[in-house]
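Fold and geometry: a report
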Amino acid sequence: ISLLIDVEFTNHAASPGLKRGGTLVAVRPQVELEVTAGDIPDHVEVDLTGREIGDVIHIQDIALPAGAKPTIERNFVIANIAAPSGLRSDDAAAAG
């Protein structure tokens, strides 16, 4: 069966990018997975340990429960760690 499953982000404190003021942008707070009726997961987990500003987290970067697979065939984005707004402004000024 095909179901929408919540994405849960863990270990925020272990992400250097978030510690430096980056923002977690959840592009897909839920993902659609094909699962067997007996193995429906409560959620899928994205571990943020070691994630830096600019990191992009794709579906293939996370461990899905046994027997589950995404309904979308491509390696789509789940989330990213965006730079703090002050840092983005400084980068734009330096580039200009």
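The coordinates are above.
In short, a report on the structure.

Criteria and thresholds
- Residues numbered from 1 in each chain as written.
- Predicted model: local features only at pLDDT ≥ 70, side-chain atom pairs only at ≥ 80, totals over all residues.
- Heavy atoms only, no water.
- Helix = DSSP H or I, 4+ residues; strand = E, 2+ residues; numbered from the N terminus.
- Buried < 20%, exposed > 50% of the residue type's maximum accessible area, 1.4 Å probe, protein only.
- Contact = heavy atoms within 4.5 Å.
- Areas by Shrake-Rupley, 256 points an atom, 1.4 Å probe, with all protein chains shown as cover.
- Patch = residues over 30% accessible without salt bridge, like charges linked within 9 Å, V, L, I, M, F, W, Y side chains within 5 Å.
- Salt bridge = Lys/Arg side-chain N within 4 Å of Asp/Glu carboxyl O.
- Lys, Arg positive; Asp, Glu negative; His and termini not counted.
- Charge placed at Lys NZ, Arg CZ, Asp CG, Glu CD.
- Core = buried A, V, L, I, M, F, W, Y, C linked by side-chain atoms within 4.5 Å.

1. Observations concerning the overall build of the protein
- Scanning the protein from N- to C-terminus turns up two helices and seven strands.
- Across the protein, helices and strands are ordered from the amino to the carboxyl terminus as β-α-β-β-β-β-β-β-α.
- Looking at the 96 residues of the protein, the share that counts as buried comes to 28%.
- Residue pairs in contact within the protein that sit at least 24 positions apart in sequence constitute 76% of those at least 6 positions apart.
- Total accessible area computed for the protein in this model is approximately 5,600 Å², and 51% of it derives from carbon and sulfur atoms.

2. Digging into a negative patch on the surface
- Where like charges cluster on the molecular surface, the negative patch consists of Asp-6, Glu-8, Asp-42, Glu-45 and Asp-47.
- Contributing elements (two or more residues each) for the negative patch: strand 1 (2-10) and strand 4 (43-47).
- Counting through the fold element by element, Asp-42 comes out in the loop between strand 3 (30-34) and strand 4.

3. A few points about the nonpolar core
- If you look at the biggest cluster of nonpolar residues, it comprises 18 residues, and the most contacted ones within it are Val-7, Phe-9, Val-31, Leu-33, Val-44, Val-46 and Ile-78.
- If we ignore the near neighbours within four places in the chain, the residues touching Leu-33 are Ile-1, Ser-2, Leu-3, Ile-5, Val-44, Leu-64, Ala-68, Lys-69, Pro-70 and Thr-71.

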